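# Structural description and commentary
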Amino acid sequence: MKRLAQAPNVTIATLWADWLARAGVEASVQRYFAGGIAGEIPPDQSLPEVWIEHPEQWAHARELLDALQHPHELHWTCPACGERIDGPFEQCWQCGANMPRP
């Protein structure tokens, strides 16, 4: 096993581990319950961590996690009404048409 990243909380760590698992990288959350002793140990030692099972997948896992942490901003024009759509929206907020697929 190899540590991939430290997460700010258990929810985000679990989201990252699930994202990696769906992409074929076996991942687990460590220090799941360490937040309960945060005042007894240094703060950085109580944060949850995401570990991957197979160290040879580390570079691929790092790329996947980076893509999740820094999503690509979408900019598209609605083919139905011409409205300019910015952000992670896949549906036009003016007419409800779906974003065209490449």
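Residue indices follow the written sequence of each chain, beginning from 1 at its first position. Totals for whole chains, interfaces and linings use all residues, but because this is a predicted model, local features are given only for residues with pLDDT of at least 70 and pairs of side-chain atoms are given and counted only at 80 or more. Just so you know, side-chain values use all the structure's heavy atoms and leave hydrogens and water out.

## Some points on the overall build of the protein
Counting secondary structure elements, the protein contains two helices and five strands. Over its C-alpha atoms the protein spans a radius of gyration of 19 Å, topping by over 25% the 13 Å that the globule rule assigns to 102 residues. If one aligns the C-alpha atoms of the protein with their principal axes, the spans along those axes are about 55 × 35 × 15 Å. Classification of residues uses two cut-offs on accessible area relative to the type maximum, computed with a 1.4 Å probe and protein chains only: under 20% is buried, over 50% is exposed, and between them is partly exposed. Here the protein holds 102 residues, and 25% of them are scored as buried. Strands here are runs of E lasting at least two residues and helices are runs of H or I lasting at least four, both read from the DSSP assignment and numbered beginning at the N terminus. Only C-alpha atoms enter the radius of gyration; for comparison, a globular chain is expected to reach 2.2 Å times N to the power 0.38, where N is the number of residues.

## Here's the deal with the nonpolar core
Core analysis: the largest hydrophobic core is formed by 14 residues, its most contacted members being Leu4, Trp16, Leu20, Val25, Val50 and Ala61. Of all the elements in the fold, those that place two or more residues in this core are strand E1 (2–6), helix H1 (10–22), strand E3 (49–52) and helix H2 (58–69). Per-element accounting of this core gives the leading share, four residues, to H1. We call two residues contacting when some pair of their heavy atoms lies within 4.5 Å. Not counting residues within four places of it along the chain, the set of residues in contact with Leu4 comprises Leu20, Val50, Trp51, Ile52, Trp58, Ala61, Arg62 and Leu65. For this analysis, a nonpolar core means a set of buried residues of the types Ala, Val, Leu, Ile, Met, Phe, Trp, Tyr and Cys, connected via side-chain atoms within 4.5 Å. One finds Trp76, Cys78, Cys92 and Met99 within the second-largest nonpolar core, a separate group that totals six residues.

## A word on the pairing of E3
Pairing between E1 and E3: four bridges, direction antiparallel. Along E3, the bridge assignment pairs Lys2 with Ile52. As paired elements, strand E2 (residues 27–30) and E3 share four bridges and run antiparallel to each other. Bridging from a neighbouring strand, Ala27 pairs with Ile52 of E3. When DSSP finds at least two bridges between two strands, those strands are taken to pair.

## Describing the sheet that holds E1
Overall, antiparallel pairing links the three strands, which are arranged E1-E3-E2 in an open sheet. Each edge of the sheet is formed by a strand with only one pairing partner; in this case those strands are E1 and E2. Neighbour to neighbour, the strand axes of the sheet diverge by 30° on average, direction disregarded. To obtain an axis, a line is fitted to C-alpha atoms, over the contacting stretch when the element is a helix, and the angle between two such axes runs from 0 to 180 degrees between their N-to-C directions. In this fold H1 packs onto E1, E2 and E3, with an angle of close to 165° to the strand it touches most, E2. Relative to E1, H2 is tilted by about 15°, and along the sheet it contacts E1 and E3.

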